[in-house]
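# Structural characterization, general
The lines below spell out each chain.
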Amino acid sequence: MTLEYALGGMTCLDCSKHITMALERVPGVVAAHVDYRAGRGRIELQPGVGPTATLEHALIAAVERAGYRAEPVVARDSVTADAPAAAALGAAPPAGLSDTPSFASETPASTDRRPTDGHPTESAAPSVARTGDVDFDLLIVGTGGAGVAAAIQAAGMGAKVAIVEGGTLGGTCVNVGCIPSKTLVEAAAHIHAARQGFPGIAPCEPAVDWREVVRQKDALVDDLREAKYADVLASYPGVARLRGRARLLGSADGVVRVRVSDGDQSAEHVARRVIVATGSTPAVPPLPGIDMVDALDSTTAMAMEALPASMIVLGGGPVGVELGQIFGRFGVKVVIVQRGAHLLPGEDAQIAEVLREALEAEGIEVHTGMAAVRVERGPEGVIVHVRQGSVDGEIRAERLLVATGRRPTTADLGLEDVGVALSPTGYVQTDATLRTANPNVYAAGDVTGGPAYVYVAAAGGRVAAENALNSLRRPDGSNATSTGTPSAEPRALDLSVVPNVTFTAPQVGSVGLTEAAARAAGHRVDVSVLEMQHVPRALVAYDRRGLVKLVSEASTGRILGVHAVAPNAGEMMGEATLAVRFGLTVRDLSGTLHPYLTWVESLKLAAQGGSAGVQKLSCCA
Ligand SMILES: Cc1cc2nc3c(=O)[nH]c(=O)nc-3n(C[C@H](O)[C@H](O)[C@H](O)COP(=O)(O)OP(=O)(O)OC[C@H]3O[C@@H](n4cnc5c(N)ncnc54)[C@H](O)[C@@H]3O)c2cc1C
């Protein structure tokens, strides 16, 4: 006999695995087949087991405990009334009514607890049970990429979870980072394409309505925040959303006390483990006069009511060059001032030079090796006093955009009160398993100072939640392996291979070691450079800017790094990352079929000897 269920809340293959495992643990079930794309599950029952109300109840409860929703796809009247076999089927009570903790092992502390905050939509969900004096197995501070990934992971492990947000749900990426900036990158690309034309298609000056572009961008952000954060969190009944700013009050006896304050309301909660996922905010450099000029940062720049005539961008990192090019294409006269020797510090210098030429070709003024020393108001808006070598000068513009970096959000979190150590620059220090100096507190995302990408934050959130919850299964709550417990080994966050993409035009993508870093690390390297003018796709696009650089170990051909500046270089990084991560060789790449007239074919052509090699080849040979 088989039953079919509609299953809610699944986003990936892992979700279907969690539900399959949960269903297959229900007595009477032989096998479950769950398809996350279809949102359906087919459940095979043991011979003689029928679709009773109790069984239905047990199946739904199992799915809910895993953090998802289930609805039978059968006519209600085909389900028979409770059979005496219910107890034999081991029916579980509905999620949230259990009085046993999900991750029992520790003595709960008694605390002065008050009810959860009174926010109407974001208070503790009623399905979350109290476990003695402990409110939650895991309390996560921050709903950005790291926090939400941690919540999904923890819900999948059956934990009672709270996630706290003191600002805007979704954090940086969806609200003021990746999504709005890339929407503006796309808008700017349309302006540029219209101005460029194409052979046979006359260029034209498009009519641009900045305010309407911003409005559309904000609407998209709202939609995505709702769909990918609010709705996703709501689909996990074991996750309670708390509204307010969290502060850690104390940590003893294996629990952490956390106060959540929202205006004049506040509540205290007790959690067995806490994850700090509070992210970062734009940093303002300590330049004399900077407070006097109403400087923009990435957040305020993308929300401007009107565009200025001119703008100085301080900082030539990814955010500075992306925004600089966006505003340049929208008609703002942009000057980028970069203290380092080249744009995009950390990227290959030759690659950064190609980007510089591309920006300059669009009319953007780029200064490298130039430091801002002082800022003041001027007749046009702002004057930045600069020094380049021993030469002093000044640059004038209507607005100043500061894109010199970000700082971790750790103020007023009470981290010092619970023994969490910070680095000299203020980042939360963790070991490789993301545990802080306090064994009950973990951290993930930008606040830990790793590569500031949302996919790194999300990977960290998952690892932190898994390790935090598994540590509850050890008698001493430690990360050390303890014999005789069913817990998994703590997992280290693997950041050995992290792809980087800067969404300029041309894009810059890289993974692995640069030529300079590989040599500095003692490798004997081969370097193959392919200019995009040899790539068929670049020829038909009439966009031949850029190059791809393959760095490999001379003795083995193992690919150590891939660096590209080209249209769609970001799309090449998926394959490049696999190549570096799994130790592929130049021969592996050159011997693999690549679809003709794709940008990623550049990697194969680079492996076939780069520019020198491809000149002796036919177009697709
Ligand atoms: C302009 C820009 C463009 C970017 N583009 C990309 C891109 O294209 N690709 C990419 O991968 N990355 C990009 N990033 C980086 C990416 O956005 C971040 O790395 C990522 O969002 C960090 O996630 P997080 O979860 O660590 O922190 P955040 O997303 O910052 O979330 C932290 C959350 O914690 C909340 N919080 C802080 N303190 C408290 C407290 N005490 N109590 C309660 N809540 C609190 C904050 O309100 C916030 O919502 C970009 C960043 C910027 C600024």
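Before reading further, recall that the structure is shown in the block above.
All of these numbers come straight from a predicted model, not from anything done at the bench. (Residues numbered from 1 in each chain as written. Predicted model: local features only at pLDDT ≥ 70, side-chain atom pairs only at ≥ 80, totals over all residues. Heavy atoms only, no water.)

The strand order β15-β16-β17 describes an open sheet built from 3 strands, whose pairing is antiparallel. Either end of the sheet is taken by a strand with one partner, and the two such strands are β15 (370–377) and β17 (391–397). Between one strand axis and the next, the sheet turns through 25° on average, direction left out of account. By the bridge criterion, 7 bridges tie β15 to strand β16 (residues 382–388) in an arrangement that is antiparallel. The residue of β16 that forms the bridge with R377 is V382. (Pairing = 2+ DSSP bridges. Helix = DSSP H or I, 4+ residues; strand = E, 2+ residues; numbered from the N terminus. Axes fitted to C-alpha atoms, helices over the stretch in contact; angles between N-to-C directions.)

When strand β8 (residues 245–252) meets strand β9 (residues 255–262), the two strands line up antiparallel, connected through 7 bridges. Looking across to β9, one finds that L248 is bridged to V258. Where β8 folds back onto β9 in an antiparallel hairpin, the turn is made up of 2 residues, including D253, whose phi is positive at roughly 50°.

So, about the pairing of strand β7 (residues 239–243). Of all 5 residues in β7, 5 are buried; the element is thus mostly enclosed. Side chains V239, R241 and R243 of β7 all project onto a buried face; the interleaved residues A240 and L242 project onto the opposite face, where all are buried too. In the sheet, strand β6 (residues 161–165) pairs with β7 via 5 bridges, with the strands oriented parallel. The partner of I163 across the bridge, within β7, is R241. (Buried < 20%, exposed > 50% of the residue type's maximum accessible area, 1.4 Å probe, protein only.)

Take the nonpolar core next. Of all hydrophobic cores here, the largest spans 55 residues; its most connected members are I43, L59 and I275. Excluding residues that lie within four positions of it along the chain, I43 makes contacts with M1, T2, L3, Y5, L23, V29, A31, A32 and L59. With 34 residues, the next largest nonpolar core counts A187, L296, L344 and L401 among its residues. (Core = buried A, V, L, I, M, F, W, Y, C linked by side-chain atoms within 4.5 Å. Contact = heavy atoms within 4.5 Å.)

For the rest of this paragraph, the subject is helix α5 (residues 178–196). Relative to the 27 Å expected for 19 residues at 1.5 Å per residue, α5 spans 26 Å between its end C-alpha atoms, a close match to the ideal helical length. All of the buried residues in α5 are P180, S181, L184, V185, A187, A188, I191, H192 and A194. Buried residues along α5 sit in contact with α4 (171–176), α6 (210–234) and α8 (318–329). Following α5 by one or two positions, G197 has its phi on the positive side, about 70°. (Expected span 1.5 Å × (residues − 1).)

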